[in-house]
Amino acid sequence: MTAAHDHHACMTDTLASAEALAKSRGEKLTPLRRRVLEIVLESHRPAGAYDILGALARDGGKPAPPTVYRALDFLRAQGFVHRIDSLNAFAACFAPARAHRSHFLLCRSCGSASEIENAALDAALPSAASKSGFKPESETVEITGLCADCDNASSTTAIGAW
């Protein structure tokens, strides 16, 4: 994440949006569901269920794993989090009010996950599947590499090593 990113505002806006959306859908963002979403929102790194359990334990709670998985299932069904299959983890959705496909850039250095939107990719993947006679049921694109900050840091380190 760049220095210009206001993560506190990002979290606050996303939580407010999630609460409003849940209410408009007749759903409840219970205290546990809200706290699980807050934990996932705390950074731009995907969080696994056991990371979430650990954070809840530090809060003084002792929820069982099925409780956390149920909260994650709810958050996922509402579009508030996305599952990062390759990491068996979850990343917050920062545009939960809008239906969209999940495409992620995963940094192998800092562990960040950036959700991207790309209309050309959205059109190309179903088209390619259709041309192959394949009927997709779900889709998550995960691209692993280096984020701009880590790439710049490694370039600076490499230059300094000369």
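Residues numbered from 1 in each chain as written. Predicted model: local features only at pLDDT ≥ 70, side-chain atom pairs only at ≥ 80, totals over all residues. Heavy atoms only, no water.

A.B. asks: I'd love a proper account of the overall build of the protein chain, names of residues and values included.
C.D. replies: On a plain count of helices and strands, the protein chain comes out with 6 helices and 5 strands. Counting from the amino terminus, helix and strand elements in the protein chain follow one another as α-α-α-α-β-β-β-β-α-β-α. The C-alpha extent of the protein chain, read off along each of the three principal axes, is 55 × 45 × 30 Å. For the protein chain, the residues scored as buried account for 32% of the 162 residues in total. Here the contacts in the protein chain between residues at least 6 apart in sequence split such that 54% fall between residues at least 24 apart. As displayed, the protein chain has an accessible area near 9700 Å², and 55% of this comes from carbon and sulfur atoms. (Helix = DSSP H or I, 4+ residues; strand = E, 2+ residues; numbered from the N terminus. Buried < 20%, exposed > 50% of the residue type's maximum accessible area, 1.4 Å probe, protein only. Contact = heavy atoms within 4.5 Å. Areas by Shrake-Rupley, 256 points an atom, 1.4 Å probe, with all protein chains shown as cover.)

A.B. asks: If you had to explain the pairing of strand S1 (residues 81–84) to someone new, which residues and values would you point to?
C.D. replies: Along a regular strand, successive side chains alternate from one face of the sheet to the other. Looking at chain direction, S1 and strand S2 (residues 89–92) are connected through 4 bridges and run antiparallel. Its bridge partner being in S2, Val81 is matched across the sheet by Ala92. Between S1 and S2, which pair antiparallel one after the other, the connecting turn spans 4 residues, and Asn88 there sits at a positive phi close to 50°. (Pairing = 2+ DSSP bridges.)

A.B. asks: Account for the sheet that holds strand S3 (residues 102–107), with residues named and values stated.
C.D. replies: Taken in spatial order, the 3 strands of this open sheet run S4-S3-S5, and their pairing is mixed. Each end of this open sheet is capped by a strand with a single partner; those strands are strand S4 (113–116) and strand S5 (140–145). Put simply, the sheet's adjacent strands are angled 25° from each other on average, direction ignored. Two elements, S3 and S5, share 6 bridges in a ladder whose sense is parallel. Residue pairing in the sheet places Phe104 in a bridge with Glu142 of S5. (Axes fitted to C-alpha atoms, helices over the stretch in contact; angles between N-to-C directions.)

A.B. asks: Tell me what's going on with the nonpolar core, and back it up with residues and numbers.
C.D. replies: Leu37, Ile52, Leu75 and Phe80 are the most contacted members of the largest nonpolar core, which totals 26 residues. Non-local contacts of Phe80, meaning those with residues more than four positions away in its chain, are made with Ala18, Leu21, Ala22, Arg25, Leu29, Leu37, Phe74, Leu75, Ala92, Cys93 and Pro96. Grouped together as the second largest cluster of nonpolar side chains are 5 residues, Ile84, Ala91, Phe104 and Ala113 included. (Core = buried A, V, L, I, M, F, W, Y, C linked by side-chain atoms within 4.5 Å.)

A.B. asks: Can you lay out unusual backbone geometry for me, pointing to particular residues and giving the numbers?
C.D. replies: Positive phi outside glycine occurs at Asn88, with the angle close to 50°. Tracing the backbone through its elements, the reader meets Asn88 in the loop between S1 and S2.

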